[in-house]
Amino acid sequence: MSKLVTIFGGSGFVGRYIARRLAKEGWRVRVAVRDVNTAAFVRPYGVVGQVEPVFCNIRDDSSVAAVTQGVDAVVNCVGVLDEIGKNTFAAVQAEGAARIARIAAEHGVTQMVHISAIGADDEADAMYSRTKADGEAGVLAHMPNAVILRPSIIFGAEDQFFNRFAGMSRFGPILPVIGADTKFQPVFVDDVAAVAANAAIGKVPAGIYELGGPDVHSLRELMQLMLGVIHRRRLILNMPFWAARAMAAGFAIMRALSLGLMKGPVTKDQVINLAVDNVVPVDAQGFAALGMQPTAMEAVLPDYLWRFRPSGQYDAIKESAKNLKA
């Protein structure tokens with residue numbers, strides 16, 4: 001019988017790519033999510049019945065145990081960029097990760113892959129980074145042979161990075177950013193998925209792998225690259241960190257007064273994170289240790305950002321028509 005894997009958060013940005021890759025390897029895939037109906041799109045990744053969404057709340061022991069029963073591997077892709085209700089950084093990224101590892105160990109699961117993030121540090125100023133480190137510690141306490149992946153900013157068709165800024169660029173001549181000089185090493189989502197799938201299969205040695213793309217750029221440079229792809233000219237305006245913190249504080253008050261119904265574009269914790277470079281340390285093991293060459297942004301961004309061009313899919317045709325002689 002083919003092997004079985006449970007992917008927690010398997011319908012999310014990274015998880016869906018891992019699910020697709022493991023299905024192609026012949027594995028049966030449980031996609032553990034809170035909303036089964038919205039995860040139905042994963043079913044065609046395999047033959048009938050091979051990839052199935054199942055309900056799970058990683059804050060609950062019995063829920064995690066139900067989807068871990070009888071599996072050969074687990075992959076945890078669950079994380080949050082903003083705290084909403086009971087889904088706090090601690091509950092999801094620290095306690096949730098540790099719970100998955102503990103229950104997986106209790107069920108005799110031999111392989112675990114945990115998606116963390118570059119910058120995970122229990123002494124970091126940002127709660128996001130501290131709880132990522134706590135989650136790693138909780139995983140290793142129960143599954144010492146786990147593979148932990150720390151990607152930089154992840155890009156791909158469904159990303160909330162380039163898509164977000166490209167969308168903002170449509171509404172005026174100015175593109176505001178926070179931390180224009182902060183450095184990032186964007187990594188392609190399917191490259192991360194390839195490592196995760198190989199790790200679940202058992203082809204990656206246990207350890208921590210920091211995953212970044214082939215190039216390091218400041219946020220300003222990334223915005224310039226993105227604007228070039230979508231054929232728009234915008235003034236990139238860097239917001240000082242003191243102003244960004246004040247803005248985030250104002251949005252936090254607005255959110256509290258609206259009982260969570262209204263939220264701003266950035267939080268205080270995100271502002272703190274944006275002040276720290278997000279690149280692979282020189283002494284870390286990453287793609288090179290796995291014999292892999294990461295994909296360059298230039299090879300992928302035009303494939304999904306074209307829709308933000310002034311004339312969308314017809315932009316190149318209209319530009320070419322300008323060169324026609326009368």
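Below, the structure is looked at part by part. (Residues numbered from 1 in each chain as written. Predicted model: local features only at pLDDT ≥ 70, side-chain atom pairs only at ≥ 80, totals over all residues. Heavy atoms only, no water.)

**Quick look at the environment of Asn198**
Along the chain, Asn198 turns up in helix H6 (residues 189-201). Separated by 85 residues in the primary sequence, Asn198 and Val113 have C-alpha atoms spaced 9.7 Å apart. Ignoring any residue separated from it by four or fewer positions in sequence, one finds Asn198 in contact with Lys203 and Val204. (Helix = DSSP H or I, 4+ residues; strand = E, 2+ residues; numbered from the N terminus. Contact = heavy atoms within 4.5 Å.)

**Remarks on the nonpolar core**
Counting 62 residues, the largest nonpolar core has Phe162, Met223, Met226 and Leu305 as its most contacted members. The contacts of Met226, once residues within four sequence positions are left out, are Phe162, Phe165, Ala166, Leu175 and Leu305. By size, the runner-up hydrophobic cluster in this structure holds 24 residues, among which are Phe8, Cys56, Val92 and Ala101. (Core = buried A, V, L, I, M, F, W, Y, C linked by side-chain atoms within 4.5 Å. Buried < 20%, exposed > 50% of the residue type's maximum accessible area, 1.4 Å probe, protein only.)

**Section: the packing of aromatic side chains**
Under the counting rule described, the total for this entry stands at eight aromatic pairs. An angle of 80 degrees between the planes, with centres 6.0 Å apart, marks the rings of Phe89 and Tyr128 as edge-to-face. On the criterion of sequence distance, the pair formed by Phe89 in helix H3 (residues 89-106) and Tyr128 in helix H4 (residues 127-142) is long-range, its members being 39 residues apart. Side by side, Phe89 and Tyr128 carry an identical accessibility label, which is buried. Ring centres of Phe161 and Phe162 lie 4.9 Å apart, and the angle between their planes is 75 degrees; on these two criteria the pair is classed as edge-to-face. Exposure remark for Phe162: the relative accessible area of 0% places this residue in the buried category. Counting every residue linked through ring pairs, the aromatic cluster contains Phe155, Phe161, Phe162, Phe165, Phe184 and Phe188. Above the ring of Tyr17, the side-chain terminus of Arg20 is found at 5.2 Å from the ring centroid. Across the ring face of Tyr45, the terminal group of Arg20 is positioned such that the distance to the ring centre comes to 4.4 Å. (Phe/Tyr/Trp six-rings, centres within 6.5 Å; stacked < 30°, edge-to-face > 60°. Lys NZ or Arg CZ within 6 Å of the ring centre and 35° of its normal.)

**What about the sheet that holds strand S6 (residues 147-151)?**
Sheet architecture is open: seven strands sit in the order S3-S2-S1-S4-S5-S6-S11, paired in parallel fashion. Bordering the open sheet on either side are strand S3 (51-55) and strand S11 (207-211), each of which pairs with just one other strand. Sheet twist, expressed as the average angle between the axes of neighbouring strands with direction ignored, equals 20 degrees. Sheet topology note: the strand S2 (residues 28-33)/S3 ladder contains five bridges and is parallel. Within S3, the position partnered with Val29 by the bridge is Val51. On top of the sheet, helix H1 (residues 15-24) reaches strand S1 (4-8), S2, S3 and strand S4 (73-76); it is set at about 170 degrees to S1, its chief contact. (Pairing = 2+ DSSP bridges. Axes fitted to C-alpha atoms, helices over the stretch in contact; angles between N-to-C directions.)

**Considering the environment of Ala299**
In this fold, Ala299 is placed in the loop between helix H9 (268-273) and helix H10 (301-305). A relative accessible area of 53% means that Ala299 is categorised as exposed.

**Thoughts on helix H8 (residues 241-257)**
An ideal rise of 1.5 Å per residue puts 24 Å on 17 residues; H8 measures up with 24 Å between its terminal C-alpha atoms. Of all the residues in H8, the buried ones are Ala243, Ala244, Ala248 and Arg255. The buried residues of H8 all sit within an arc of 135 degrees when viewed along its axis, so they share a single face. Turned more than 90 degrees from where H8 packs its buried face, Trp242, Ile253, Ala256 and Leu257 sit exposed. Phi for Leu259, located one or two positions after H8, is positive at around 55 degrees. (Expected span 1.5 Å × (residues − 1). Arc of directions from axis to C-beta.)

**Topic: the pairing of strand S5 (residues 111-115)**
Here S5 lies mainly inside the structure; four of its five residues are buried. Each parallel crossover has a hand, and for S4 linked through H3 to S5 it is right-handed. Judged from the three bridges that link them, S5 and S6 form a sheet pairing that is parallel. Paired with Ile115 across the strands is Leu149, a residue of S6. (Right-handed = clockwise from strand over helix to strand, strands pointing away.)

**Observations regarding the side chain of Ser129**
Mapped onto the fold, Ser129 is located in helix H4. Leaving out residues up to four positions away in the same chain, Ser129 has contacts with Gly119, Ala120, Asp121, Ala124 and Asn273.

**Some points on a nonpolar patch on the surface**
Judged by side-chain polarity, Ile174, Leu235 and Leu237 come together as a nonpolar surface patch covering roughly 280 Å² of accessible area. Following the sequence through the fold, Leu235 ends up in strand S13 (residues 235-239). (Patch = residues over 30% accessible without salt bridge, like charges linked within 9 Å, V, L, I, M, F, W, Y side chains within 5 Å. Areas by Shrake-Rupley, 256 points an atom, 1.4 Å probe, with all protein chains shown as cover. Salt bridge = Lys/Arg side-chain N within 4 Å of Asp/Glu carboxyl O.)

**Side note on unusual backbone geometry**
Of note in the backbone geometry, His231 takes a positive phi value of approximately 60 degrees without being a glycine. Summarising the element assignment, His231 is placed in the loop between helix H7 (219-229) and S13.

**Considerations on a negative patch on the surface**
On the surface, a cluster of negative charge is contributed by Asp121, Asp122, Glu123 and Asp134. As for its position among the elements, Asp122 is in the loop between S5 and H4. (Lys, Arg positive; Asp, Glu negative; His and termini not counted. Charge placed at Lys NZ, Arg CZ, Asp CG, Glu CD.)

**A word on the pairing of S6**
Among the five residues of S6, five are classified as buried, and the element is accordingly described as predominantly covered. Side chains Val147, Leu149 and Pro151 project from S6 onto one buried face, and the interleaved Ile148 and Arg150 project onto a second face that is buried too. In this fold, S5 hands off to H4, which returns the chain to S6; that crossover is right-handed. Pairing analysis gives five bridges linking S6 to S11, with the strands arranged parallel. Counterpart to Ile148 in the pairing with S11 is Ile208.

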